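Observations on the three-dimensional arrangement
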Amino acid sequence: MKKILLSTLILICTAKIVYAATTYSLTYTKNLKECTPFIEKYKVQIPTQDENTPVLNLQSTETIKGWQEGKCVTTSVVHSNDLNKDILETKCAFTKEQIDSIIKKVNSTQKGDKKAAQTLQEELNGYTQDGKTCEVKNLLPEN
């Protein structure tokens, strides 16, 4: 049951990638702005509609790999503590202009600007869906 629930939530996690932007530390944001290698981990609990599993306990590892072929490469790996395995991996390659746009919105979001948070969410969702900027990989078996 947890695998089915987690498979469904992968789409939700991808769509809610902006949550990470509000949890990034100032150090992560500074390193992203310059695209210098850095790793940050954070934990999150996602409520579910399943009474048997009311909360999913997840950990995300956000990695800035640095500049590669003129783009800032980042990875995000979501680990399910309940299943004791990685369930989702996102790899992105951002242009300098995209990084500048993200950082501007992250800074505004961290200051409480709700419109910037919505715009950031839309921008990040677009990157995860376009297949050119970000590649999202479901790590759970399909059976």
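In short, a report on the structure. Quantities reported herein were computed from a predicted structural model and do not represent experimental measurements.

**Concerning unusual backbone geometry**
In this structure, Cys35 is a non-glycine residue whose phi angle is positive, near 55°. Considering the arrangement of structural elements, one finds Cys35 in the loop between helix H3 (26-34) and strand S1 (38-47). For Cys35, a relative accessible area of 3% gives the class buried. Positive phi values are uncommon outside glycine, yet Glu69 reaches one of about 55°. Looking at where Glu69 falls in the secondary structure, it is placed in the loop between strand S2 (55-68) and strand S3 (71-80). By relative accessible area, which is 85% here, Glu69 ends up exposed.

**Considerations on the state of the cysteines**
The tally for this structure, following the rule as stated, stands at two disulfides. Disulfide partner of Cys35: Cys72, at an S-S distance of 2.1 Å. With the S-S dihedral at roughly 100°, the linkage between Cys35 and Cys72 falls on the right-handed side. Here Cys35 is found in the loop between H3 and S1, whereas its partner Cys72 is found in strand S3, with 37 residues between them in sequence. Residue Cys72 is classed as buried on the basis of its relative accessible area of 0%. Once the disulfide-bonded cysteines of the protein chain are ranked by sequence position, their pairing pattern turns out to be 1-2, 3-4.

**A closer look at the packing of H3 against helix H4 (residues 96-110)**
With their axes 9 Å apart at the nearest point, H3 and H4 run at an angle of 160° to one another. Taken together, the axes of H3 and H4 lie roughly antiparallel to each other. As H3 packs across H4, the resulting crossing turns out to be left-handed. Contacts between H3 and H4 involve Leu26, Thr29, Leu32 and Lys33 from the former and Lys96, Ile99, Ile102, Ile103, Val106, Asn107 and Gln110 from the latter. Across the contact of H3 with H4, the residue classes tally to six nonpolar, three polar and two charged.

**What to know about the pairing of strand S4 (residues 85-94)**
In this structure, S3 lies alongside S4, joined through nine bridges in antiparallel fashion. When the sheet's bridge partners are listed, Val77 is paired in S4 with Glu89. In this antiparallel pair of consecutive strands, S3 and S4, the connection spans four residues, and Asn84 shows a positive phi of 55°. As paired strands, S4 and strand S5 (residues 134-138) are joined by five bridges and run antiparallel to one another. Bridging across to S5, Cys92 finds its partner in Cys134.

**Here's the deal with the sheet that holds S3**
Two strands in a sheet stick together by hydrogen bonds in their backbones, pointing the same way (parallel) or opposite ways (antiparallel). Spatial ordering of the open sheet is given by S1-S2-S3-S4-S5, a layout of five strands whose pairing is antiparallel. Either end of the sheet is taken by a strand with one partner, and the two such strands are S1 and S5. Going from strand to strand, the sheet's axes swing by 15° on average, the running direction of each strand aside. Contacts between H3 and the sheet are confined to S1, S2 and S3, with S2 contributing the most and set at about 35° to the helix.

Analysis parameters
- Residues numbered from 1 in each chain as written.
- Predicted model: local features only at pLDDT ≥ 70, side-chain atom pairs only at ≥ 80, totals over all residues.
- Heavy atoms only, no water.
- Helix = DSSP H or I, 4+ residues; strand = E, 2+ residues; numbered from the N terminus.
- Buried < 20%, exposed > 50% of the residue type's maximum accessible area, 1.4 Å probe, protein only.
- Disulfide = S-S within 2.5 Å.
- Axes fitted to C-alpha atoms, helices over the stretch in contact; angles between N-to-C directions.
- Parallel < 35°, antiparallel > 145°, perpendicular 65-115°, else oblique.
- Left-handed = near helix turned anticlockwise from the far one by under 90°.
- Contact = heavy atoms within 4.5 Å.
- Nonpolar A, V, L, I, M, F, W, Y, C, P; charged D, E, K, R; others polar.
- Pairing = 2+ DSSP bridges.

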